[in-house]
Amino acid sequence: MSATTEECWQKTFKAIREQFKIKNLLPEQEIALCKFLGGQNIFVNLPTSYGKSLIFQCLPIAADALFEKPRDSSVLVVISPLRSLMEDQIRYLNNMGVPAIAITDEEDVEIIQQVMNGNYVLVYGSPECLLSTESWRSIFDCESFKEMLIGVAIDEATVLHNGMYAFVLY
């Protein structure tokens, strides 16, 4: 890794630590971030309470810092089957100053427009919500939204035989 690349990553990790008020990222979190922001799809399988959610929650901040984009320019869609988990994460993120929303299967034109305008850097939704209505599916056809979209995380993608949860980033 060149000195310039290393400096960019250190600046990126610093932005994450400051935003989320944490001392350090764990090595597995750093590796996942580097691989995804380096253009790879990733599958993360770590024990419960290890900080898997932080990996995708910090991706928009990391992408903006790494690629020197204006703050809140990057958007990540998180597909999660658990409404209560989404609501807890939205509360946490908003308290941390990260614009996030959990969308429902309701077709609220104003919220759909806010999402397409990039008012939220993390957009949580259930698979049913994102697939059941034309309005929510159409956000992926909106050119301005696609330019901001850095990826899709599928949270709680599977329960593995050992009881660990995992997620996938595309």
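Keep in mind that this is a model prediction, so the values were computed, not measured.

**As for the packing of aromatic side chains**
- Tallied over the full model, the rule gives four aromatic pairs.
- Ring geometry for F20 against Y92: centres 6.3 Å apart, planes inclined by 25°, an arrangement best described as stacked. Residue F20 is found in helix 1 (residues 3–20), and its partner Y92 is found in helix 5 (residues 83–95); the two are separated by 72 residues along the sequence.
- Judged by its relative accessible area of 2%, F20 falls in the buried class.

**Quick word on the packing of helix 2 (residues 27–37) against helix 4 (residues 59–66)**
- Put simply, helix 2 and helix 4 touch, their axes get as near as 11 Å, and they point 60° apart. Relative to helix 4, the element helix 2 lies oblique. Where helix 2 crosses over helix 4, the two elements pack in a sense that is right-handed. Contacts between helix 2 and helix 4 pair L33, F36 and L37 from the former with L59, A62, A63 and L66 from the latter.
- Residue composition of the contact of helix 2 with helix 4, grouped by class: seven nonpolar, no polar and no charged.

**Concerning the nonpolar core**
- Core analysis: the largest hydrophobic core is formed by 33 residues, its most contacted members being I16, F20, L33, L37, V98, L122 and Y124.
- Those elements giving two or more residues to this core turn out to be helix 1, helix 2, strand 1 (42–45), helix 3 (52–57), helix 4, strand 2 (75–79), helix 5 and strand 4 (122–125).
- Per-element accounting of this core gives the leading share, five residues, to helix 4.
- Residues contacting Y124, with those up to four places away along its chain left out, are F56, Q57, V78, M86, Q89, I90, L93, I101, A102 and I103.
- Of all hydrophobic cores here, the second largest spans 18 residues; its members include I101, I112, I139 and F145.

Basis of the calculations
- Residues numbered from 1 in each chain as written.
- Predicted model: local features only at pLDDT ≥ 70, side-chain atom pairs only at ≥ 80, totals over all residues.
- Heavy atoms only, no water.
- Phe/Tyr/Trp six-rings, centres within 6.5 Å; stacked < 30°, edge-to-face > 60°.
- Helix = DSSP H or I, 4+ residues; strand = E, 2+ residues; numbered from the N terminus.
- Buried < 20%, exposed > 50% of the residue type's maximum accessible area, 1.4 Å probe, protein only.
- Axes fitted to C-alpha atoms, helices over the stretch in contact; angles between N-to-C directions.
- Parallel < 35°, antiparallel > 145°, perpendicular 65-115°, else oblique.
- Left-handed = near helix turned anticlockwise from the far one by under 90°.
- Contact = heavy atoms within 4.5 Å.
- Nonpolar A, V, L, I, M, F, W, Y, C, P; charged D, E, K, R; others polar.
- Core = buried A, V, L, I, M, F, W, Y, C linked by side-chain atoms within 4.5 Å.

Read these as geometric descriptors, not functional statements.
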